[in-house]
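Listed here are the chains, written in short residue letters.
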Amino acid sequence: MTTSSSTDIQQLKEFIGDRFNELKLEVKEEINTLGLKVESVKEDIGDVKGDIKGLSEKVAGIDKRLSNVETSIQKIPELAEKTGELKNWKQVGLVLITAAVSSIFSGTIGGVIGWLLRAGRA
């Protein structure tokens, strides 16, 4: 190679290097004019990641609640069937009357027995 060609190549290298440096400066200036800084962008990304983790935890909690509701919903047909069996109003009436009579009877018998026990002590 001749001396002139090596100096030309050296000048080209310097020109390209200078141009890249100018581009880097222009990009940094553009970022600064937009008010963005790399650190603040990284912090914002970290905040977003934290928010996503919080949301995923909430979704997991909702999934658990939903599974509980699903099990309750599956029991509704059974309850409806049992309620349908009680549509015989004569049977329901008989059960209510029997319950009332037995509670009155047990209260009366219990009261009499208690009265007798207290009277026997005195």
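Residues numbered from 1 in each chain as written. Predicted model: local features only at pLDDT ≥ 70, side-chain atom pairs only at ≥ 80, totals over all residues. Heavy atoms only, no water.

## Focus: the overall build of the chain
A tally of regular secondary structure across the chain gives 4 helices and 0 strands. Counting from the amino terminus, the chain carries its helices and strands in the arrangement α-α-α-α. Looking at the chain residue by residue over its 122 residues, the buried ones come to 0%. As displayed, the chain offers around 11400 Å² of accessible surface, 65% of which is attributable to carbon and sulfur atoms. (Helix = DSSP H or I, 4+ residues; strand = E, 2+ residues; numbered from the N terminus. Buried < 20%, exposed > 50% of the residue type's maximum accessible area, 1.4 Å probe, protein only. Areas by Shrake-Rupley, 256 points an atom, 1.4 Å probe, with all protein chains shown as cover.)

## Observations concerning the pattern of salt bridges
This model, assessed by the stated rule, comprises 1 salt bridge. The partner of Glu22 in a salt bridge is Arg19, with the nearest N and O atoms 2.6 Å apart. One end of the pair is Glu22 and the other is Arg19, both in helix H1 (residues 3-33) and 3 residues apart, which spans about a single turn. Glu22 gets classed as partly exposed once you look at its relative accessible area, which sits at 39%. Residue classification places Arg19 among the partly exposed residues on the basis of a relative accessible area of 38%. (Salt bridge = Lys/Arg side-chain N within 4 Å of Asp/Glu carboxyl O.)

## A short note on the confidence of the model for the chain
Do not read the fine detail of predicted coordinates wherever pLDDT is low. Of the residues in the chain, 86% have a pLDDT of 70 or more, and the chain-wide mean is 80. No element of the chain has a lower mean pLDDT than helix H3 (residues 76-85), at 73, and none a higher one than helix H2 (residues 38-74), at 84. (pLDDT = per-residue confidence, 0-100.)

## Concerning a negative patch on the surface
A cluster of like negative charges, contributed by Glu43, Asp44, Asp47 and Asp51, occupies part of the molecular surface. Among the structural elements, Glu43 can be located in helix H2. Look at Glu43 and you get exposed, because its relative accessible area is 54%. (Patch = residues over 30% accessible without salt bridge, like charges linked within 9 Å, V, L, I, M, F, W, Y side chains within 5 Å. Lys, Arg positive; Asp, Glu negative; His and termini not counted. Charge placed at Lys NZ, Arg CZ, Asp CG, Glu CD.)

## What to know about a nonpolar patch on the surface
On the surface, Phe15, Ile16, Phe20 and Leu23 cluster together into a nonpolar patch covering about 420 Å² of accessible area. Among the secondary structure elements, Phe20 is positioned in helix H1. Residue class for Phe20 comes out exposed when judged on its relative accessible area of 52%.

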